[in-house]
Amino acid sequence: SQLKDLNLNLEDRVRERTREIIHLKQLHESILNALTTGLFVMNREKKMVFVNPMARMLLSAGDEPLECITLDSRLIPSQMRELIYLSLDQKITVDSREIFLENRGKIQHFGVKTAFLSDQDGVNHVIVLFNDITDRKNLEQELIQSEKITSCGLLAVGIAHDFNNILNRVKV
């Protein structure tokens, strides 16, 4: 009877712990899916094991099945692929890098970071985080252009002032 009670107690604890684990897994997936940053995870076999909705959108992956997306997939830009290979091969984290992708005549800029992970069983993964920074890059270019125009205006004002000074000396 005591053994039966212990067994029932153990089964209850296992069920409760299983519910907790399922709840935590759902919470983590909800958080990752809510990110406005593209995120995907590749294993050492260079297969995607997780991709969030933002990454699907930024990579134009649509409904492509996860198991079909490998590192050599046409969906992964070549510059991003190089960073992933670097992380996997050298077991390092690659801090933010800017890459660009030409898609149908339009250039898209991405900020990319990769992080190498190895769990206690020696299973290696690379987490890839990336954002579309095209708008920011375009604004930076507009700001640079605006600063150039401002500099030219100041130069023209300075030249006109000096020229005016010369003309005033000639008049006198």
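The structure displayed is predicted, hence computed values, not measured ones. (Residues numbered from 1 in each chain as written. Predicted model: local features only at pLDDT ≥ 70, side-chain atom pairs only at ≥ 80, totals over all residues. Heavy atoms only, no water.)

S.K.: What should I look at first to understand the overall build of the protein in this one?
M.R.: Summing up its helical and strand segments, the protein has 4 helices and 5 strands in all. In terms of overall dimensions, the protein is more spread out than a globule: its C-alpha atoms have a radius of gyration of 28 Å, far above the 16 Å expected for 172 residues. Projected onto its principal axes, the C-alpha positions of the protein cover 120 × 35 × 30 Å. Taking all 172 residues of the protein together, the buried fraction comes to 24%. Relative to all contacts within the protein whose residues are 6 or more apart in sequence, the contacts with residues 24 or more apart total 38%. (Helix = DSSP H or I, 4+ residues; strand = E, 2+ residues; numbered from the N terminus. Rg over C-alpha atoms; globule rule 2.2 N^0.38 Å. Buried < 20%, exposed > 50% of the residue type's maximum accessible area, 1.4 Å probe, protein only. Contact = heavy atoms within 4.5 Å.)

S.K.: Could you clarify how one ought to interpret the pairing of strand S3 (residues 94–103) in this entry?
M.R.: Side-chain positions along a regular strand alternate between the two faces of the sheet. Strand direction decides the pairing type here: S3 and strand S4 (residues 106–118), joined by 8 bridges, are antiparallel. Following the sheet pairing, Glu98 is matched in S4 by Gly111. Linking S3 to S4, which pair antiparallel, is a turn of 2 residues; within it Arg104 sits at a positive phi near 55°. (Pairing = 2+ DSSP bridges.)

S.K.: Can you walk me through unusual backbone geometry in this structure?
M.R.: Only a minority of non-glycine residues have a phi that is not negative, and only a minority of peptide bonds are not trans. Positive phi, normally seen in glycine, also occurs at Lys46, with a value near 65°. Owing to a relative accessible area of 23%, Lys46 belongs among the partly exposed residues under this scheme. A positive phi angle, close to 55°, is found at Ser60, a residue other than glycine.

S.K.: So what exactly am I meant to see when it comes to the packing of aromatic side chains here?
M.R.: Two aromatic rings, taken as a pair, are described by how far apart their centres are and by the angle between their planes. Inspection of the entire model under this criterion finds 2 aromatic pairs. With centroids separated by 5.9 Å and ring planes inclined at 70°, the aromatic side chains of Phe40 and Phe130 adopt a geometry described as edge-to-face. Of this pair, Phe40 sits in strand S1 (residues 38–43) while Phe130 sits in strand S5 (residues 124–132); the two residues are 90 residues apart in sequence, bridging distant segments of the chain. Residue classification places Phe40 among the buried positions, given a relative accessible area of 0%. For Phe130, a relative accessible area of 1% gives the class buried. For the ring pair Phe110 and Phe130, a centre distance of 5.9 Å and an interplane angle of 75° mean the geometry is edge-to-face. With a gap of 20 residues between them, Phe110 in strand S4 and Phe130 in strand S5 connect regions that are remote in the sequence. Given a relative accessible area of 1%, Phe110 falls into the buried group. Taken together, the aromatic side chains of Phe40, Phe110 and Phe130 make up a single cluster linked through ring pairs. (Phe/Tyr/Trp six-rings, centres within 6.5 Å; stacked < 30°, edge-to-face > 60°.)

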